Amino acid sequence: MSYFNIVAQTNENTVVTEYEPVKKRSDSYQSEAALENEFIHMLEEQGYEYLSLHTEDKLVINLREQLEKLNNYSFTNKEWKHFLAESIANPNEGIKEKTRKIQEDYIQVLKRDDGTSKNIILLDKKDIHHNYLQVIHQYEVSKENGAKHDNRYDVTVLVNGFPLVHVELKRRGVPIREAFNQVERYQRDSFGTGYGLFEYVQIFVISNGTNSKYYSNTTRYNTGGNLAKSKKEKTSNSFEFTSYWADANNKAITDLVDFTKTFFAKHTILNILTKYCIFDTSDTLLVMRPYQISATERILSKIQLANNYKWVGKIDAGGYIWHTTGSGKTLTSFKTAQLASQLDYIDKVLFVVDRKDLDSQTQKEYDRFSKGSANGNTST
């Protein structure tokens, strides 16, 4: 029986302002199974529903139930069969197409039996707490279903029935790199089997209890170098794109207990999935780092305060964000501009730079995040 330990739910502050690590934790030997059970127990405390679900047919049944609940609509068997085959598990679509579906095309059109059409939402990005979180573990895929090897996945978080966050755990003392390599094997060998629903995973989390990191589903393609390099070198490069989670003071949160209480807080993980991912023009999914999310939210908060308290045009309306070189300032500014432009009282967002080379570089980067999202202006 699940029990909840939620005091309040909020859409604010995706990154916790300041986090004091939990003092009591299992530093002693812990088997992988014990670590997994403790992790699931913590998720249940935070309001996730645990499902004893290990096979694809049950995953598909649950997906239908969750989409019906989200959209307040009951599919006929014929409608569901067609919607599943065309819009969700199209055999011609892979990781990139499914990622675009979650990030950009999350409203799909259902052709009803009576010939009319209905919009079906896969992910509610307007009201994040309208989405439903579940957790499963030890999901099985076999060679009989087309996988190269029999595999059993550790823990997966379902959002509205879609596996969107996958977690691989190793016992304490085992290098976290082994969990990363295991995820890569799954991506290569078995995520695409059957209906290919595990190709919807947006974010991977790897942990050995002591160290925990997260990264996007396209990280293994970010080889950072020549394609002619050996596979070993490419994997080595892509592991560097994994990120630590942190609080707003940029203090790393690495232990699985602390990581779960912050990164997997419902409003945090849902905000990351719905707001703080960018699927760029090269079909790469970028998941923002905690300091980028924190900077974005502080700027947006200042904009809202300036509007509410009529500070516009006064010094009180301003501020500055300090990022080091190479830490993704342009991505932070892009996401801030994108979210600010969606506010009712914002007509236009101006990005001012003091050098021509920065101007062209920024324009190029913005075009990479979203083609044609920004227009240059040479007149001051």
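Residues numbered from 1 in each chain as written. Predicted model: local features only at pLDDT ≥ 70, side-chain atom pairs only at ≥ 80, totals over all residues. Heavy atoms only, no water.

1. Points about the nonpolar core
Test applied: By nonpolar core is meant a set of buried Ala, Val, Leu, Ile, Met, Phe, Trp, Tyr and Cys residues that side-chain atoms within 4.5 Å join together. A 1.4 Å probe rolled over the protein chains alone gives each residue an accessible area, and that area as a share of the maximum for its type sets the label: buried under 20%, exposed over 50%, partly exposed in between. Every residue pair with non-hydrogen atoms within 4.5 Å of one another is taken to be in contact.
One finds I88, F263 and F264 to be the most contacted residues of the largest nonpolar core, which totals 86 residues. Setting aside anything within four residues of it in sequence, one finds F264 in contact with F39, L43, Q46, Y48, V157, V165, V167, V205, F259 and I269.

2. Focus on the sheet that holds strand β6 (residues 162-169)
Worth spelling out the cut-off: Pairing between strands is defined by DSSP: at least two bridges between the two strands are required. Secondary structure elements follow DSSP: runs of H or I no shorter than four residues count as helices, runs of E no shorter than two count as strands, and numbering proceeds from the N terminus.
Strand order in this open sheet of six strands is β1-β4-β5-β6-β7-β8, and the pairing throughout is mixed. With partners counted over all chains shown, the strands left at the sheet margins are β1 (49-50) and β8 (212-216), one partner each. In this structure, β6 lies alongside strand β7 (residues 203-207), joined through five bridges in parallel fashion. Each bridged residue has a counterpart across the sheet, and for V165 the counterpart in β7 is I203.

3. Section: helix α1 (residues 32-45)
This is how the line gets drawn: Helix span, as expected, comes to 1.5 Å for every residue beyond the first.
The end-to-end C-alpha separation of α1 is 20 Å, in line with the 20 Å expected for 14 residues at 1.5 Å each. Of the positions making up α1, those classed as buried are L35, E36, F39, I40, M42, L43, E44 and E45. Contacts from the buried residues of α1 go to β1, β4 (133-141), β5 (151-159), β6 and α7 (256-263). Downstream of α1 by a residue or two, G47 has a phi angle that is positive, lying close to 100°.

4. Overview of the packing of aromatic side chains
Stated formally: Pairing of aromatic rings covers Phe, Tyr and Trp, the last through its six-membered ring, and needs centres within 6.5 Å; plane angles under 30 degrees mean stacked, over 60 mean edge-to-face, and all others mean tilted. Only lysine NZ and arginine CZ atoms are considered, and such an atom sits over a ring when it is within 6 Å of the ring centre and within 35 degrees of the ring normal.
One pass over the full model with this rule turns up 27 aromatic pairs. On the numbers, 5.2 Å between centres and 80° between planes, the contact of W245 with F263 is edge-to-face. Linking W245 in strand β9 (residues 245-246) with F263 in helix α7, this pair joins segments that are 18 residues apart in sequence. Of the two residues examined, W245 and F263, each falls in the buried class. Relative to F369, the ring of F334 has its centre 5.1 Å away and its plane inclined at 50°; by these criteria the two rings are tilted. One end of the pair, F334, is in helix α10 (residues 329-341); the other, F369, is in helix α11 (residues 356-369), and 35 residues separate them in sequence. Take F334 and F369: they sit in the same class, and that class is buried. The structure contains a cluster of three or more aromatic residues connected by ring pairs, namely Y139, Y153, F180, Y186, F191, F198, F204, Y215 and F239. Across the ring face of F239, the terminal group of R177 is positioned such that the distance to the ring centre comes to 4.6 Å.

5. Examining the side chain of T260
Mapped onto the elements of the fold, T260 is located in helix α7. The exposure class of T260 is buried, given its relative accessible area of 0%. Contacts of T260, omitting those with residues within four sequence positions, involve F39, M42, L43, Q46 and A265.

6. As for the packing of α10 against α11
Here is the rule: Structural elements are reduced to axes, namely lines fitted to C-alpha atoms, with helices fitted over the stretch in contact, and the angle between N-to-C directions of any two is expressed from 0 to 180 degrees. Orientation is classified from the angle alone, with under 35 degrees giving roughly parallel, over 145 giving roughly antiparallel, 65 to 115 giving roughly perpendicular, and any other angle giving oblique. It is the rotation of the near helix from the far one that decides the hand of a crossing: anticlockwise by less than a right angle makes it left-handed, clockwise makes it right-handed.
Between α10 and α11, the shortest axis-to-axis distance is 10 Å and the interhelical angle comes to 60°. One way to sum up the angle between α10 and α11 is to call them oblique. Note on packing geometry: the crossing formed by α10 with α11 is right-handed. Of the residues in α11, those in contact with T330, L331, S333, F334 and A337 of α10 are T362, E365, Y366 and F369.

7. A closer look at the environment of Y276
Basically, it comes down to this: Distance and chemistry together define a polar contact, namely a pair of N or O atoms within 3.5 Å, with one atom able to donate a hydrogen and the other to accept it when in protein, and with adjacent residues in sequence counting only for side-chain atoms on both sides.
Among the secondary structure elements, Y276 is positioned in the loop between α8 (266-274) and β11 (277-279). Residue classification places Y276 among the buried positions, given a relative accessible area of 2%. Residues Y276 and K335, 59 residues apart in the sequence, show an inter-C-alpha distance of 7.6 Å. The contact partners of Y276, leaving out residues within four places of it in the chain, are T14, N271, L286, V287, M288, I293, T296, E297, K335 and L339. A polar side-chain atom of Y276 sits 2.9 Å from a polar atom in the side chain of E297.

8. What to know about the packing of α1 against α7
What counts here: The classification used treats Ala, Val, Leu, Ile, Met, Phe, Trp, Tyr, Cys and Pro as nonpolar, Asp, Glu, Lys and Arg as charged, and all other residues, Gly among them, as polar.
One can describe the packing of α1 onto α7 by two numbers: an axis separation of 10 Å at closest approach and a directional angle of 25°. Considering their axes alone, α1 and α7 lie roughly parallel with respect to each other. Of the two possible hands of crossing, α1 and α7 adopt the one that is right-handed. Where α1 approaches α7, its residues L35, E38, F39, M42 and L43 are matched on the opposing element by L256, V257 and T260. Partitioned by chemical class, the residues of the contact of α1 with α7 number six nonpolar, one polar and one charged.

9. Points about the pattern of salt bridges
The line we're drawing: A pair is scored as a salt bridge if a Lys or Arg side-chain nitrogen falls within 4 Å of a carboxyl oxygen belonging to Asp or Glu.
According to the stated counting rule, one finds 12 salt bridges in the structure shown. We note a salt bridge from D357 to R355, for which the minimum N-O separation is 3.3 Å.

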